[in-house]
Amino acid sequence: MSTLLNTGTSTAAKQSDAAQKAQENQDRFLTLLVAQMKNQDPMSPMENAQLTSQIAQIQTVTGIDQLKTSIETMNAQFNQNASMQGVALIGRDVTTAGNRLQVGSEGAVGTFSLVGAADNVTVTVTTAAGTVIDTVQLGAATAGRHSFAWSKEGYSGTQDLRFTVAAKRGATPVSAQTFSRDRVVAVNTDGAKLSFMLASGNTTTLDSILSVD
């Protein structure tokens, strides 16, 4: 696990190898072409169109190698930039899909979203096993994303807590989605995707982070 990747040396090495390979291909082609011209049938010499076609082929191969090198260089630079941006999130609170309640010394703040307006919204705080710790009545709420504060009054445990949201408009349930808040503690640049280690011990990716505080 690391925070930054030094891609400068590896990128330069790849460019050098690709350039050497392209030069070797070109030299090999010219050697074969000269040998072919020396040994051609004098009664049926190579036509200009045929010579032009063969030259175009080696140019195409060389161009493909150069294009591949350019793409690899751009990809390495993109990954390095993404790593540097990811480091800036260390120590920041992020919101992702989930129902974990981040509890601090003064309580916790939870986030949820409603698909429609509700007359009554109830938040239930539980342990990971489902034991109810507290119930919070939030009253009416509009459609969209909302946050709530839980004071954890009377609670002195250290368990990892969860929360659920029940919302109704009259007698009709209103669908709700919960979100987890967590703190980024490290950046992992190993693998195909940049990932973030969270204070809870979980891991998330950049495209899963909904907001940053």
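Residue numbers here run from 1 along each chain, matching the order of that chain's written sequence. Confidence filtering applies because this is a predicted model: local features only for residues at pLDDT of at least 70, side-chain atom pairs given and counted only at 80 or more, and all residues used for totals across whole chains, interfaces and linings. Hydrogens are left out, water is left out, and the side-chain values use all remaining heavy atoms of the structure.

## Regarding the overall build of the protein
Right, on to step 1. What the protein contains, in helices and strands, is two helices and 13 strands.
Right, on to step 2. Buried, partly exposed and exposed residues are distinguished by accessible area as a fraction of the type maximum, computed with a 1.4 Å probe on protein chains only: under 20%, between the cut-offs, and over 50%, respectively. Counting every position in the protein, which comprises 213 residues, the buried fraction comes to 33%.
Right, on to step 3. Between two residues, a contact is recorded if the distance between any of their heavy atoms is within 4.5 Å. Long-range contacts, defined as pairs at least 24 residues apart, comprise 70% of the intrachain contacts of the protein with a sequence gap of at least 6.
Right, on to step 4. Per-residue and other accessible areas were derived by the Shrake-Rupley procedure at a 1.4 Å probe size, with only the shown protein chains allowed to occlude residues. Of the roughly 13100 Å² of accessible surface on the protein, 53% is carried by carbon and sulfur atoms. Numbering of helices and strands runs from the N terminus; a helix is a DSSP stretch of H or I covering at least four residues, while a strand is a stretch of E covering at least two.

## Points about the environment of Met197
Right, on to step 1. Relative to the assigned elements, Met197 resides in strand β11 (residues 195–198).
Right, on to step 2. Each C-alpha atom, one on Met197 and one on Asp182, is 9.8 Å from the other, the two residues being 15 residues apart in sequence.

## So, the pattern of salt bridges
Right, on to step 1. For salt bridges, the criterion is a side-chain nitrogen of Lys or Arg within 4 Å of an Asp or Glu carboxyl oxygen. In the structure shown here, the tally under the stated rule is three salt bridges.
Right, on to step 2. Between Asp182 and Arg100 there is a salt bridge, and its shortest N-O distance comes to 3.5 Å. Note that Asp182 is positioned in strand β10 (residues 176–188) and Arg100 in strand β2 (residues 100–101), a separation of 82 residues in sequence.
Right, on to step 3. Overall, Asp182 belongs to the buried group, its relative accessible area being 4%.
Right, on to step 4. Since its relative accessible area comes to 15%, Arg100 is described here as buried.

## Structural notes on the confidence of the model for the protein
Right, on to step 1. Across the protein, pLDDT averages 77, with 60% of residues at or above 70.
Right, on to step 2. Per-residue confidence from the predictor is reported as pLDDT, a score between 0 and 100. Mean pLDDT across the elements of the protein bottoms out in helix α1 (residues 8–38) (62) and peaks in strand β9 (residues 172–174) (96).
Right, on to step 3. For the stretch residues 1–9, pLDDT sits under 50, and the model shows 20 contacts to residues farther than four places along the chain or on other chains.

## Side note on the environment of Asn120
Right, on to step 1. With respect to the helices, strands and loops of the structure, Asn120 is situated in strand β5 (residues 118–127).
Right, on to step 2. Looking at Asn120, the relative accessible area reads 35%, which means it is partly exposed.
Right, on to step 3. Spatially, the C-alpha atom of Asn120 lies 5.7 Å from that of Ala167, the residues being 47 residues apart in sequence.
Right, on to step 4. Contact partners of Asn120, with chain neighbours within four places excluded, come to Gln137, Gly139, Ala140, Ala166, Ala167 and Lys168.

## What to know about unusual backbone geometry
Right, on to step 1. Of note in this structure, Lys152 is not a glycine but carries a positive phi near 55 degrees.
Right, on to step 2. Inspection of the secondary structure puts Lys152 in the loop between β7 (144–150) and β8 (161–169).

## A short note on the pairing of β10
Residues in a regular strand point their side chains to alternate faces of the sheet.
Right, on to step 1. Any two strands between which DSSP finds at least two bridges are classified as paired. As paired elements, strand β1 (residues 93–97) and β10 share five bridges and run antiparallel to each other. Directly across from Val94, in β10, lies its bridge partner Asp182.
Right, on to step 2. One ladder, built from four bridges, connects strand β4 (residues 107–114) with β10; its direction is antiparallel. Looking at the pairing, Phe112 lines up with Thr178 of β10.
Right, on to step 3. As judged from the four bridges shared by β10 and β11, these two strands associate in the antiparallel manner. In the sheet register, Val184 faces β11, and the bridge partner there is Leu198.

## Side note on the packing of aromatic side chains
One pair of aromatic rings is described through two measures. These are the centre distance and the angle between the planes.
Right, on to step 1. The pairing test for Phe, Tyr and Trp rings, Trp by its six-membered ring, is centres within 6.5 Å, and the orientation test on the planes gives stacked under 30 degrees, edge-to-face over 60, and tilted for anything in between. If you walk through the whole model with that rule in mind, you get three aromatic pairs.
Right, on to step 2. With a centroid separation of 6.3 Å and 45 degrees between ring planes, the pair formed by Phe112 and Phe148 is classed as tilted. With Phe112 in strand β4 and Phe148 in strand β7, this pair connects stretches of sequence that are 36 residues apart. Grouping residues by exposure puts Phe112 and Phe148 together as buried.
Right, on to step 3. Between the aromatic rings of Trp150 and Tyr155, the centroid separation amounts to 5.8 Å while the plane-to-plane angle is 45 degrees, which identifies the pairing as tilted. Side by side, Trp150 and Tyr155 carry an identical accessibility label, which is buried.
Right, on to step 4. What links up through ring pairs into an aromatic cluster is the set Phe112, Phe148 and Phe163.
Right, on to step 5. Either the NZ atom of lysine or the CZ atom of arginine qualifies as a charge over a ring when it sits within 6 Å of the ring centre and within 35 degrees of the ring normal. The ring centre of Phe179 lies 4.7 Å from the NZ or CZ of Arg145, which sits over that ring.

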